[in-house]
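# Inside the fold
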Amino acid sequence: MTDFQPKSDFLQALKERGFIHQCSDYESLDARAREGKAIGYIGFDATAPSLHAGSLVQIMMLHWLQRTGNKAIALMGGGTTMVGDPSGRDESRKLLTVEDIEANKIGIKSIFSKFLSFGDGPRDAVMSDNAEWLTKLGWIEMLRDVGRHFSVNRMLSMDSVKLRLDRDNEHGLSFIEFNYMVLQAYDFTVLARRHGCNLQMGGSDQWGNIVNGIDLGRRLGLHQLHALTTPLLTTSSGAKMGKTAAGAVWLNADMLSPYDYWQYWRNAEDADVGRFLKLFTLLPMEEISRLASLGGAEINEAKKVLATEATALVHGREAADAAAETARQTFEQGGAAATLPTVTLAAGELAAGLGVLNAFVRAGLVASTGEARRQVQSGGLRVNDQVVTDMRQSISEADAVNEGAIKLSFGKKKHVLLKVG
């Protein structure tokens, strides 16, 4: 961002914590936020039953908007999910059925109550769904009242479109995706009329779409609208935020356990700890500076704080503390904490002996027996903290020495308990 020095608590918090990439008008937005009159929204398409950690930057922006005395709007993309956002994509998103979208929305909505306070008051957060207006919008009406304000030449210059057109891709950019930016711009104007919304926030890849909404609002004679974007977040090694080799880091507990979520943050790279504490916790900046200054082995203590605070926001303090205690027992005491992820086997599965390679596949620690073989060769698998050296080894009920469970470990940080149902 520029050298602009905000006077509002909202932009001050975002600036010092590293949220800001671009803003359409710092002075104007800062003035509204200072008066408690910034009303901002972010849209979330329902492409999966849960959001993942990559969405947390946007959710935290809504949190800070409300926390500093302004109004936040969480917009469910029930309508735009039917089209699919081409931003940052090499190919078209899979079109979901209406039933899938509705089911995904149910899963997604639950996370927002952890970060926002909803209600009918002037500063209470609002949740809307663009399916309410987009699915009722007639084609001719859309072309006449909205489409006429868009220049195809300008639309073709947008990064989300140019990147797809420049790639030698047999699928190209579909007509339905080309219209996504029109729908997103229209959303902005609907929320402006219904709720007095004057700010749209998002990742930097959304800049063009958000600016289109500002321009459409101006052409329709609405009040001044603003754009505010965050940097696209990656880890220090360049990995995409919210993704691991094992898959997405989901926010819903039924898709990723609080313990595994805690472990994701505990495994943060050293260079990311300070930045992640600013973005993904509510700790005071003084405490964050202290933790970020730790070096050597002490950085691990900062990582534990990061993991516990980040997990507490999503899963609650009790679950976060339990995950931290499970990790302590597992790693520091070499035990098999009862709160580790558990896989239950049918009675009798261990009676004749379960091959160790298949056991690790059943536990979800490896994807195939081939991968399990490779890990055995490198000494990466353990049963009850003992390294597996024989690929023909079998696991039986006699191995259930940890309160009726068998502890399987992949490396130092991935553990699962096998129990007989």
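Just above sits the structure.
This write-up is about the structure you can find in this document. Source: prediction; values computed, not measured.

Attention shifts here to the sheet that holds strand 3 (residues 71-77). On the basis of which strands lie adjacent, the open sheet formed by six strands has the order 1-6-5-2-3-4 and mixed pairing. Lying at the two open borders of the sheet, with one neighbouring strand each, are strand 1 (22-23) and strand 4 (126-129). Alignment of strand 2 (residues 39-45) against strand 5 (residues 199-203), held across two bridges, turns out to be parallel. When the sheet's bridge partners are listed, Tyr41 is paired in strand 5 with Gln200. The strands that helix 11 (residues 207-219) touches are strand 1, strand 5 and strand 6 (226-230); relative to strand 6, the one it contacts most, it runs at about 170 degrees.

Attention now goes to the environment of Ala46. Mapped onto the elements, Ala46 comes out in the loop between strand 2 and helix 3 (56-67). Judged by relative accessible area, Ala46 falls into the buried class, the value being 0%. A C-alpha to C-alpha distance of 23 Å links Ala46 and Ala239, two positions 193 residues apart in sequence. If we ignore the near neighbours within four places in the chain, the residues touching Ala46 are Gly77, Thr81, Leu96, Ile101, Asn104, Lys105 and Ile108.

Let us now look at the packing of aromatic side chains. This structure, assessed with the given rule, holds eight aromatic pairs. Taking 5.6 Å as the distance between ring centres and 65 degrees as the angle between the ring planes, the aromatic pair formed by Tyr41 and Phe188 counts as edge-to-face. In this pair, Tyr41 is assigned in strand 2 and Phe188 in helix 10 (residues 180-195), connecting sequence segments 147 residues apart. Tyr41 sits in the buried class, given a relative accessible area of 1%. Seen in terms of ring centroids, Trp265 and Phe280 are 4.9 Å apart; in terms of plane orientation they differ by 50 degrees. Their pairing is tilted.

On to the nonpolar core, then. By size, the foremost hydrophobic cluster in this structure holds 71 residues, and its most contacted members are Leu56, Phe112, Leu228 and Trp265. For this core, the leading source of residues is helix 3, giving eight residues. Grouped together as the second largest cluster of nonpolar side chains are 33 residues, Val83, Tyr186, Phe188 and Cys197 included.

Interaxial distance between helix 10 and helix 11 falls to 8 Å at its minimum, and their mutual angle equals 55 degrees. Looking at the two axes, helix 10 sits oblique to helix 11. Of the two possible hands of crossing, helix 10 and helix 11 adopt the one that is right-handed. Residues Tyr180, Met181, Gln184, Ala185, Tyr186, Phe188 and Thr189 of helix 10 pack against Asn209, Ile210, Asn212, Gly213, Ile214, Leu216 and Gly217 of helix 11. Across the contact of helix 10 with helix 11, the residue classes break down as eight nonpolar, six polar and no charged.

The rules behind these values
Residues numbered from 1 in each chain as written. Predicted model: local features only at pLDDT ≥ 70, side-chain atom pairs only at ≥ 80, totals over all residues. Heavy atoms only, no water. Pairing = 2+ DSSP bridges. Helix = DSSP H or I, 4+ residues; strand = E, 2+ residues; numbered from the N terminus. Contact = heavy atoms within 4.5 Å. Axes fitted to C-alpha atoms, helices over the stretch in contact; angles between N-to-C directions. Buried < 20%, exposed > 50% of the residue type's maximum accessible area, 1.4 Å probe, protein only. Phe/Tyr/Trp six-rings, centres within 6.5 Å; stacked < 30°, edge-to-face > 60°. Core = buried A, V, L, I, M, F, W, Y, C linked by side-chain atoms within 4.5 Å. Parallel < 35°, antiparallel > 145°, perpendicular 65-115°, else oblique. Left-handed = near helix turned anticlockwise from the far one by under 90°. Nonpolar A, V, L, I, M, F, W, Y, C, P; charged D, E, K, R; others polar.

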